[in-house]
Amino acid sequence: MSILVNQNTKLLVQGITGRDGSFHAGKMKAYGTNVVGGVSPGKGGSTVDGIPVFNTVEAAVKATGANTSIIFVPAHLAADAILEASEAGIGLVIAISEGVPTLDMVKVMPYLAKKGTKLIGPNCPGLISPDEALVGILPGNIFLKGNVGLMSRSGTLTYEMVYQLTSNGIGQSTCVGIGGDPVAGLYYLELLQMFQDDPETKAIVLIGEIGGDAEERAAQYIQEHITKPVVAFIAGQSAPPGKRMGHAGAIISSGSGTAEEKIKAFEKVGVKVAKIPSEIPDLIKQVME
Amino acid sequence: MSILVNQNTKLLVQGITGRDGSFHAGKMKAYGTNVVGGVSPGKGGSTVDGIPVFNTVEAAVKATGANTSIIFVPAHLAADAILEASEAGIGLVIAISEGVPTLDMVKVMPYLAKKGTKLIGPNCPGLISPDEALVGILPGNIFLKGNVGLMSRSGTLTYEMVYQLTSNGIGQSTCVGIGGDPVAGLYYLELLQMFQDDPETKAIVLIGEIGGDAEERAAQYIQEHITKPVVAFIAGQSAPPGKRMGHAGAIISSGSGTAEEKIKAFEKVGVKVAKIPSEIPDLIKQVME
Amino acid sequence: MKIHEYQAKEIFSRYLIPVTNEVVCYTVEEAVAAADKLGLPVVVKAQVLAGGRGKAGGVKLARTKQDVPEMAGKILGMDIKGYTVEKILIAQGVKFSSEFYVGLTIDRNSKSVIFMASSEGGVEIEEVAKDNPDAIHKFVIDPDLGMTPFLARKIAFALFSDFNLVKQGADLFQKLYRIFMDTDSSLVEINPLVITEEGKLLALDGKMNFDDNALFRQSAIEALNEPTEDELKEIDAKEKGLTYIRLDGSIGCMVNGAGLAMATLDLIKYFGGEPANFLDIGGSSNPQKVIDAMNLILSDKNVKVVMINIFGGITRCDDVARGLIIALDKIKVEVPIVVRLSGTNSKEGLEILKEANLPIVETMSQAAQKAIELCK
Amino acid sequence: MKIHEYQAKEIFSRYLIPVTNEVVCYTVEEAVAAADKLGLPVVVKAQVLAGGRGKAGGVKLARTKQDVPEMAGKILGMDIKGYTVEKILIAQGVKFSSEFYVGLTIDRNSKSVIFMASSEGGVEIEEVAKDNPDAIHKFVIDPDLGMTPFLARKIAFALFSDFNLVKQGADLFQKLYRIFMDTDSSLVEINPLVITEEGKLLALDGKMNFDDNALFRQSAIEALNEPTEDELKEIDAKEKGLTYIRLDGSIGCMVNGAGLAMATLDLIKYFGGEPANFLDIGGSSNPQKVIDAMNLILSDKNVKVVMINIFGGITRCDDVARGLIIALDKIKVEVPIVVRLSGTNSKEGLEILKEANLPIVETMSQAAQKAIELCK
């Protein structure tokens with residue numbers, strides 16, 4: 001087992017004829033993900049890396065039975081692509097696109113809720129269940145199958161963490177990059193619950209960032225609902241107030257959403273927090289004993 | 001028993017300080033309906049006929065525990081009033097207001113679905129469960145408690161039918177005026193099912209009109225889901241094509257939605273159709289034997 | 001409310017939907033000048049607020065210089081379904097390969113706006129609907145999302161195979177939806193939508209109907225209204241809170257509620273009579289309304305008897321009775337009147353009528369039969 | 001993106017939200033003329049894109065004729081949080097009874113726009129939030145419904161007891177929401193919103209921030225942008241696909257990914273160093289980016305060492321290495337460089353770097369420590 005993606009994942013790549021879409025479609029397929037089709041309006045009937053391309057998600061779903069979709073379309077088209085996937089009955093959408101207007105996402109959310117579509121992202125690196133399915137832009141080679149569930153608001157920092165785990169022989173059930181945008185799909189609470197319910201996952205790593213109060217809410221949720229051990233790391237401990245650090249989320253303003261507060265919130269509910277990334281493997285080993 | 005309204009109904013009157021609102025609030029109260037409050041922005045704190053008035057539905061619900069609301073506000077404000085009731089957690093909204101723009105109702109519908117709010121109307125006379133609750137502008141004195149469920153797209157025609165039933169000693173469980181607008185709340189299918197599920201209702205009267213295909217769909221639904229006897233009447237048998245007959249619904253265009261087709265659809269599934277209103281009591285007596 | 005083809009296409013144009021080059025003309029001279037300007041061939045099209053213009057001979061292709069005045073002359077003044085043709089459209093003739101139908105309307109079942117599209121354009125869509133329903137694609141539009149780009153593309157892919165046309169179509173369909181929503185339409189149609197020789201989509205014809213209930217917020221649309229004399233009477237009635245439709249019979253009817261009014265007409269026909277009008281005095285109890293209603297009925301010289309059928313709900317019977325007394329006092333009513341009154345305050349109402357010595361019957365059926373009798 | 005108070009109020013005005021009579025001035029002379037025109041008293045307000053102007057002495061009430069030039073002269077040229085005051089607002093003094101706060105922003109938890117309202121206006125809302133959170137009413141706005149009249153009324157009833165104010169407020173709140181949506185705002189605030197002596201609501205101050213990701217469709221808003229020199233550098237970087245923020249230390253950083261970049265800064269601080277910048281080279285693998293990034297880092301003369309920390313996902317390590325080689329070939333880099341490369345194609349990348357004889361370490365921690373060492 002694992003969460004969200006596995007060997008039953010039938011993946012569609014929206015924007016498959018673009019630079020990133022075609023590159024990563026190939027990478028995902030090479031990893032072993034069941035990439036059943038791609039969508040690119042006007043390119044229907046062609047193939048990319050042997051993957052059939054369709055004009056609409058609806059046609060692609062009809063022909064392939066796809067249940068998951070990954071979105072590489074340009075930012076200003078991303079909301080529409082997400083809606084198209086949802087309308088066509090796709091149950092899980094992963095939006096890689098970066099720079100999606102916030103109000104586009106605000107308008108998308110109620111429709112996804114109505115249709116029961118799960119969304120990860122936008123502005124996220126995707127997710128992987130090692131040896132089962134890679135749905136995203138993560139470098140597959142650094143992951144190792146195992147029992148740690150990982151979720152993160154950052155992309156490359158996730159790789160760094162995974163690299164530390166894998167180097168120390170600690171494998172992962174599923175690693176999810178949830179993205180750093182102000183309005184995004186699945187977040188800590190939903191993923192914590194999924195990992196809690198996943199028999200393969202024995203411990204959870206939560207990688208947070210400054211800004212917002214999602215980590216504080218996660219801490220409270222862990223106290224109330226999660227019995228599996230959780231280890232955390234917060235990026236941005238040294239960030240100067242009022243500076244925007246790349247992710248829309250990573251901005252500190254007037255004393256709320258600081259790393260210090262988040263670390264305190266976790267420690268208060270018994271979640272161990274790594275001071276530097278390299279402490280994570282040791283902490284995980286401790287809690288898994 | 002009965003459907004939708006009964007002795008547990010706690011009614012709010014939106015637009016209670018208006019001419020129609022205040023008149024019918026009094027009438028409903030006099031009938032015995034539990035009218036717990038009224039809403040009229042800016043008039044909060046006053047009373048109408050002893051009924052306390054609030055500025056917002058939210059405040060009214062909080063103070064009175066209202067579960068049903070009837071709307072008498074002017075047509076261009078009706079959609080907002082319906083949304084306000086729904087947002088405040090009212091489970092059943094009856095919109096009397098006539099002349100509500102169709103696109104206002106189109107925009108309202110998904111929100112009601114999301115909140116699980118039932119709507120009757122707009123442009124309808126409301127409903128009554130005799131001796132239990134009158135929620136509408138129907139003349140309470142013509143109704144008689146009994147076992148016939150009645151639904152109708154027309155107001156006064158309903159009274160006519162009920163008058164015929166009552167005069168013949170046939171009582172009613174609940175009579176619902178669903179209104180004649182193109183986009184309206186509860187319609188034949190939902191009400192047929194409710195009457196089917198209501199132990200008190202032994203037979204059903206369906207009063208239709210020319211225009212649209214709601215009666216044809218009702219006929220099909222009856223065949224598939226309704227075991228209780230149904231008797232029907234269709235108004236507009238003599239209407240000239242292309243003429244609008246007051247109800248937005250009652251328009252015939254190029255051979256679809258005619259009375260003839262509707263009558264045929266009902267007769268095909270074994271529903272007896274009265275040729276003139278005065279036949280209804282006899283037909284009911286026949287099917288109830 | 002309906003508007004003319006040329007008015008619909010003017011609205012389309014404002015939203016940058018490509019339409020034919022065309023000129024509205026009121027005289028033959030104007031038509032000739034327009035054809036000169038546009039170049040031959042031109043299509044001469046009657047502008048009336050009725051369907052089936054083509055079948056009635058109201059649409060002609062003028063190939064030669066002589067055709068134009070001849071056809072314009074023939075069509076101007078023509079009667080189409082009771083409408084006199086007062087203006088014609090001179091539209092540039094366009095060479096095209098295929099004809100499509102696209103239209104938006106309200107779908108009662110999904111309680112949403114619905115988009116209909118067919119590659120069998122150019123003919124009456126109702127006929128396509130009957131003969132080959134599968135040829136009409138229907139797309140329900142989620143009210144919260146509106147016409148999203150992906151839905152517009154999906155519709156376009158259903159009609160066109162060339163991606164260039166798909167892009168044009170998707171763009172056009174989004175604009176058409178915006179028009180529908182912005183103007184509180186009840187129907188927006190392009191039939192036919194054609195592909196020109198240059199590979200461009202073009203609206204050859206256009207039709208728009210509007211929601212009367214929303215005209216209060218659509219003053220620009222309301223300004224386009226051109227009611228006929230009968231419709232003016234109906235509008236005048238509406239302003240007085242009455243819904244009036246003139247019919248061909250001799251029994252004038254005054255009823256409260258549209259359903260009951262329809263059932264009253266049905267009943268008159270059922271017993272062998274012919275109603276002179278549909279008249280719903282609506283859901284309020286203002287005596288002035290009864291006066292207005294009586295005036296309206298009697299303005300039709302065919303009326304030989306008046307049947308009043310009131311069932312009191314919101315309308316109180318005593319008010320109706322009082323109004324009737326006042327009305328009869330003010331208007332010289334030379335035809336017999338049959339009255340049937342039930343419902344709210346009916347006792348008081350009947351009391352008032354009795355005093356005025358008016359004929360009263362108990363049921364609808366009796367009233368209808370009595371009226372027919374008095375009519376002979 | 002932020003705009004000035006006077007620009008926000010100009011937008012408010014366009015939506016018919018009442019704002020103070022005021023004039024933007026760039027010189028003392030203009031300020032005097034403006035005060036003459038508006039009449040005393042006037043408020044002199046620094047227009048800078050930073051909060052806390054009041055505390056910094058950037059807002060003064062001028063009661064007399066002499067006050068105006070004196071205060072304008074004092075405020076013009078003043079430094080507020082690193083921003084030089086280049087323009088001031090001369091605003092008509094208004095007598096008012098109560099001060100309210102109203103604001104709209106994005107709520108991450110409900111994934112909606114949220115309306116905040118408080119009768120404790122006129123002070124920093126963050127302080128109210130801390131000291132008396134119950135004094136701030138919050139209303140989540142359903143994205144499908146928007147700011148409905150009933151919601152606007154509900155908010156207004158929460159603030160005002162006089163129904164005349166409720167009506168004004170409800171109208172104003174709907175307009176404010178329309179502004180938020182129309183302009184892709186991330187924050188719209190009126191603080192304070194006051195009740196004048198005449199019983200009218202008036203926006204005494206205004207604040208608007210915008211979603212940078214939506215500026216591509218908000219050209220009118222983008223045109224209002226007045227970036228500082230540091231911000232221009234950041235914007236220039238952004239156009240090259242880089243996110244750059246200048247800091248005060250001496251260790252230049254080039255990292256891919258915002259999270260990893262933040263963690264890198266944290267690590268440098270953790271080991272006792274001071275980073276010179278935040279620099280995220282983002283998620284693509286274009287060698288030119290590395291050149292641009294290196295130029296950007298070295299434009300800061302405080303930089304004594306450059307630490308490159310790349311973890312390859314979408315960014316391929318070999319591209320980074322190749323870019324680095326080219327960059328070092330083109331730019332004279334006089335400071336030492338520490339490189340750490342992992343992930344996609346890291347082997348190939350390391351191979352390339354080895355050939356170029358660049359110092360390579362294995363882990364982030366090593367890289368940070370090495371950089372700090374080289375800095376001394």
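What you see is a predicted model, and the numbers here were worked out from it, not measured in a lab.

**Quick notes on the overall build of chain A**
Turning to step 1, where the next piece is worked out: In terms of helices and strands, chain A carries nine helices and 14 strands.
Turning to step 2, where the next piece is worked out: Taking 289 residues into account, the globule formula puts the C-alpha radius of gyration at 19 Å, and chain A, at 18 Å, falls close to it.
Turning to step 3, where the next piece is worked out: Its C-alpha atoms give chain A principal-axis dimensions of about 55 × 40 × 30 Å.
Turning to step 4, where the next piece is worked out: A burial count over chain A gives 65% of its 289 residues as buried.
Turning to step 5, where the next piece is worked out: Of the contacts formed within chain A by residues at least 6 apart in sequence, a portion of 73% connects residues at least 24 apart.
Turning to step 6, where the next piece is worked out: With the model as given, the accessible surface of chain A reaches about 9500 Å², and the carbon-plus-sulfur share is 49%.
Turning to step 7, where the next piece is worked out: Averaging the positions of the 23 positive and the 27 negative side-chain charges in chain A gives two centres separated by 2 Å.

**What to know about the interface of chain A and chain C**
Turning to step 1, where the next piece is worked out: Contact residues are listed per partner, giving 11 residues for chain A and 10 residues for chain C.
Turning to step 2, where the next piece is worked out: When chain A packs against chain C, the two sides together hide about 1000 Å² of surface, and 63% of this comes from carbon and sulfur.
Turning to step 3, where the next piece is worked out: Area buried by chain A at its contact with chain C is led by A:Pro41, A:Asp80 and A:Glu84, which between them contribute 38% of it.
Turning to step 4, where the next piece is worked out: On inspection of chain A and its partner chain C, the count reaches five salt bridges.
Turning to step 5, where the next piece is worked out: C:Arg153 is paired through a salt bridge with A:Glu84; the nearest N and O atoms lie 3.2 Å apart.

**Brief notes about the packing of aromatic side chains**
Turning to step 1, where the next piece is worked out: Under the definition given, this model contains 14 aromatic pairs over all chains.
Turning to step 2, where the next piece is worked out: Here the aromatic rings of B:Tyr187 and B:Tyr188 are separated by 5.3 Å at their centres, their planes lie at 65 degrees, and the arrangement is edge-to-face. Both residues of the pair, B:Tyr187 and B:Tyr188, belong to the buried class.
Turning to step 3, where the next piece is worked out: Taking 5.0 Å as the distance between ring centres and 55 degrees as the angle between the ring planes, the aromatic pair formed by D:Phe115 and D:Phe173 counts as tilted. Here D:Phe173 lies in helix H6 (residues 163–182) and D:Phe115 lies in strand E8 (residues 112–118), a separation of 58 residues in the sequence. Across the pair, exposure class does not vary: D:Phe115 and D:Phe173 are buried alike.

**Focus on the interface of chain D and chain A**
Turning to step 1, where the next piece is worked out: Listed as interface residues are 48 residues of chain D and, on the opposing side, 60 residues of chain A.
Turning to step 2, where the next piece is worked out: For the pairing of chain D and chain A, the buried interface totals around 4200 Å² over both sides, and the portion due to carbon and sulfur atoms is 61%.
Turning to step 3, where the next piece is worked out: The interface formed by chain D and chain A contains two salt bridges.
Turning to step 4, where the next piece is worked out: A salt bridge links D:Arg217 to A:Asp104; the shortest N-O distance between them is 2.8 Å.
Turning to step 5, where the next piece is worked out: Taken together, the elements giving at least two residues each to the side of chain D that touches chain A come down to E8, H6, strand E13 (243–246), helix H9 (258–270), strand E16 (305–312), strand E17 (337–343) and helix H13 (364–375) of chain D.

**A few points about helix H2 (residues 57–64) of chain B**
Residues and elements named next belong to chain B.
Turning to step 1, where the next piece is worked out: Every buried residue of H2 is accounted for by Val57, Ala60, Val61 and Thr64. Considered in projection along H2, the buried side chains sweep an arc of 100 degrees and stay on one side of the axis. With respect to the buried face of H2, the exposed residues turned more than 90 degrees away are Lys62 and Ala63.
Turning to step 2, where the next piece is worked out: On its buried face, H2 is in contact with strand E1 (11–14), strand E2 (35–39), strand E4 (51–54) and helix H3 (75–87).
Turning to step 3, where the next piece is worked out: Positive backbone phi, approximately 70 degrees, marks glycine 65, located one or two places after H2.

**Focus on the nonpolar core**
Turning to step 1, where the next piece is worked out: Within the largest apolar cluster, 152 residues are counted, with the highest numbers of intra-cluster contacts made by C:Phe173 and D:Phe173.
Turning to step 2, where the next piece is worked out: Residues within four places of C:Phe173 in sequence aside, it is in contact with C:Val102, C:Phe115, C:Met147, C:Ala152, C:Ile155, C:Ala156, C:Leu159, C:Phe160 and C:Leu193.

**Section: the sheet that holds strand E3 (residues 59–62) of chain C**
All names here are of chain C.
Turning to step 1, where the next piece is worked out: An order of E1-E6-E2-E3 is seen for the four strands of this open sheet, with the pairing classed as antiparallel. Because the sheet does not close on itself, it has two edges, and the strands there are strand E1 (22–25) and E3. Direction aside, neighbouring strands of the sheet carry axes that sit 20 degrees apart on average.
Turning to step 2, where the next piece is worked out: With five bridges connecting them, strand E2 (residues 42–46) and strand E6 (residues 88–92) associate as antiparallel partners. Bridging across to E6, lysine 45 finds its partner in leucine 89.
Turning to step 3, where the next piece is worked out: Along the sheet face, helix H3 (residues 67–75) touches E2, E3 and E6 and points at about 170 degrees away from the line of E3.

**Quick notes on the sheet that holds strand E13 (residues 230–235) of chain B**
Residue and element names in this part refer to chain B.
Turning to step 1, where the next piece is worked out: Ordered in space as E9-E8-E11-E10-E12-E13-E14, the seven strands form an open sheet in which the pairing is mixed. Every other strand in the sheet has two partners, leaving strand E9 (133–136) and strand E14 (272–274) as the edge strands with one partner each. This sheet shows a mean twist of 20 degrees between the axes of neighbouring strands, independent of strand direction.
Turning to step 2, where the next piece is worked out: Sheet strands touched by helix H5 (residues 156–167): strand E10 (145–152), strand E11 (172–177), strand E12 (203–209) and E13. Its angle to E10, the strand with the most contacts, is close to 155 degrees.
Turning to step 3, where the next piece is worked out: Each of E12, E13 and E14 touches helix H8 (residues 259–268); the most contacted strand, E13, lies at about 175 degrees to it.

**Focus: the confidence of the model for chain A**
Turning to step 1, where the next piece is worked out: Here chain A averages 92 in pLDDT, and 94% of its residues register 70 or above.
Turning to step 2, where the next piece is worked out: Scored below 50 in pLDDT, residues 248–255 of chain A shows 29 contacts in the model against residues more than four places distant or in partner chains.

**Focus on the environment of D:Lys37**
Turning to step 1, where the next piece is worked out: You can see D:Lys37 is positioned in helix H2 (residues 28–38).
Turning to step 2, where the next piece is worked out: Put simply, D:Lys37 and D:Glu373 are 336 residues apart on the chain and 64 Å apart in space, counted from C-alpha to C-alpha.

**Some details on the pattern of salt bridges**
All names here are of chain D.
Turning to step 1, where the next piece is worked out: This model, assessed by the stated rule, comprises 56 salt bridges over all chains.
Turning to step 2, where the next piece is worked out: Between glutamate 5 and lysine 45 there is a salt bridge, with the nearest N and O atoms lying 2.6 Å from each other. Here the residue glutamate 5 occupies a position in helix H1 (residues 5–14), and lysine 45 occupies one in strand E2 (residues 42–46), the gap between them amounting to 40 residues. A single burial state applies to glutamate 5 and to lysine 45, both of which are buried.

What counts, and where the lines are drawn
- Residues numbered from 1 in each chain as written.
- Chains lettered and ligands numbered in written order.
- Predicted model: local features only at pLDDT ≥ 70, side-chain atom pairs only at ≥ 80, totals over all residues.
- Heavy atoms only, no water.
- Helix = DSSP H or I, 4+ residues; strand = E, 2+ residues; numbered from the N terminus.
- Rg over C-alpha atoms; globule rule 2.2 N^0.38 Å.
- Buried < 20%, exposed > 50% of the residue type's maximum accessible area, 1.4 Å probe, protein only.
- Contact = heavy atoms within 4.5 Å.
- Areas by Shrake-Rupley, 256 points an atom, 1.4 Å probe, with all protein chains shown as cover.
- Lys, Arg positive; Asp, Glu negative; His and termini not counted.
- Charge placed at Lys NZ, Arg CZ, Asp CG, Glu CD.
- Buried area = accessible area lost by both parts, 1.4 Å probe.
- Salt bridge = Lys/Arg side-chain N within 4 Å of Asp/Glu carboxyl O.
- Phe/Tyr/Trp six-rings, centres within 6.5 Å; stacked < 30°, edge-to-face > 60°.
- Arc of directions from axis to C-beta.
- Core = buried A, V, L, I, M, F, W, Y, C linked by side-chain atoms within 4.5 Å.
- Pairing = 2+ DSSP bridges.
- Axes fitted to C-alpha atoms, helices over the stretch in contact; angles between N-to-C directions.
- pLDDT = per-residue confidence, 0-100.

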